[in-house]
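The chain contents come next:
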Amino acid sequence: MERTAVNPWDWSIKLGYNQAEVIDSATRQVICAGQTSVDGEGNPQHFGDMRAQISLALDNLEAVLKGAGMNLGNVVKLGVYATDVDEALKNFDLMGMRFGPHQVAPPMTLLGVTRLAIPGLLFEIEATAAA
């Protein structure tokens, strides 16, 4: 798979994502459901702690990708949902810490929502990956 960043402006690069990416020669695609701060039994974790919820949601996303034979370096699109956008952005360094080592900056949308499917959850991340 070959990725080519498309950034008519550079402001999004400073925030850790590309405006678009051209994906060539991909032969497999994985569409991941939204991942949240739940344990292996689906029980919500880290009530009231956005940072811990983001971290566990990213752990869960990595586990799903691993199950598909991929990793964060294969992610080509992210959708992020947060009940408090400002609080999520304060903790977005976690995104850079996870995606940075893979040297990818997938296009991303961050949306503020009034609540997520399970009460108490503050953050959800969904991904499309390709290889």
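Attention here is on the structure that accompanies the text. (Residues numbered from 1 in each chain as written. Predicted model: local features only at pLDDT ≥ 70, side-chain atom pairs only at ≥ 80, totals over all residues. Heavy atoms only, no water.)

Structural notes on the overall build of the chain
1) Next: Secondary structure assignment for the chain yields four helices and six strands.
2) Next: Relative to its 131 residues, the chain shows a buried fraction of 40%.
3) Next: Long-range pairs, those at least 24 residues apart, make up 72% of the contacts in the chain with a sequence separation of at least 6.
4) Next: In the structure as shown, the chain presents an accessible area of about 7,000 Å², 53% of it carried by carbon and sulfur atoms.
5) Next: Of the side-chain charges in the chain, 9 are positive and 15 negative, and the distance between the mean point of each set is 2 Å. (Helix = DSSP H or I, 4+ residues; strand = E, 2+ residues; numbered from the N terminus. Buried < 20%, exposed > 50% of the residue type's maximum accessible area, 1.4 Å probe, protein only. Contact = heavy atoms within 4.5 Å. Areas by Shrake-Rupley, 256 points an atom, 1.4 Å probe, with all protein chains shown as cover. Lys, Arg positive; Asp, Glu negative; His and termini not counted. Charge placed at Lys NZ, Arg CZ, Asp CG, Glu CD.)

Observations concerning the nonpolar core
1) Next: Core analysis: the biggest nonpolar cluster contains 27 residues, and Leu 61, Leu 65, Leu 78, Met 95, Phe 99, Phe 123 and Ile 125 have the highest contact counts within it.
2) Next: When residues of this core are traced back to their parent elements, those giving at least two are strand S3 (29–35), helix H2 (50–67), strand S4 (75–82), helix H4 (93–99) and strand S6 (123–130).
3) Next: When residues of this core are assigned to their parent elements, the largest contribution, six residues, is made by H2.
4) Next: In this structure Met 95 touches Leu 58, Leu 78, Val 80, Gly 100, Met 108 and Ile 125, once residues within four positions along its chain are discounted. (Core = buried A, V, L, I, M, F, W, Y, C linked by side-chain atoms within 4.5 Å.)

Overview of H2
1) Next: If you check H2, its first and last C-alpha atoms are 26 Å apart, about what 18 residues at 1.5 Å a residue would give, namely 26 Å.
2) Next: Within H2, burial applies to Met 50, Ala 52, Gln 53, Ile 54, Leu 56, Ala 57, Leu 58, Asn 60, Leu 61 and Leu 65.
3) Next: Between the side-chain oxygen of the N-cap and the backbone nitrogen of Arg 51 there are 3.3 Å, and the N-cap of H2 in question is Asp 49. (Expected span 1.5 Å × (residues − 1). Polar contact = N/O pair within 3.5 Å; in protein donor to acceptor, adjacent residues only side chain to side chain.)

Let's talk about a nonpolar patch on the surface
1) Next: Where nonpolar side chains cluster on the molecular surface, the patch consists of Trp 9, Trp 11 and Leu 15 and spans about 380 Å² of accessible area.
2) Next: Among the structural elements, Trp 9 can be located in the loop between strand S1 (2–6) and helix H1 (11–14). (Patch = residues over 30% accessible without salt bridge, like charges linked within 9 Å, V, L, I, M, F, W, Y side chains within 5 Å. Salt bridge = Lys/Arg side-chain N within 4 Å of Asp/Glu carboxyl O.)

So, the pairing of S6
Looking along a regular strand, one sees side chains alternate from face to face of the sheet.
1) Next: Taking burial as the measure, the eight residues of S6 include seven buried ones, the bulk of the element.
2) Next: Where S3 and S6 come together, five bridges link them in antiparallel fashion. Residue Val 30 lies in a different strand from S6, and its bridge partner there is Ala 129.
3) Next: As defined by bridge partners, S4 adjoins S6 across seven bridges and the pair is classed as antiparallel. Counterpart to Lys 77 in the pairing with S6 is Thr 128. (Pairing = 2+ DSSP bridges.)

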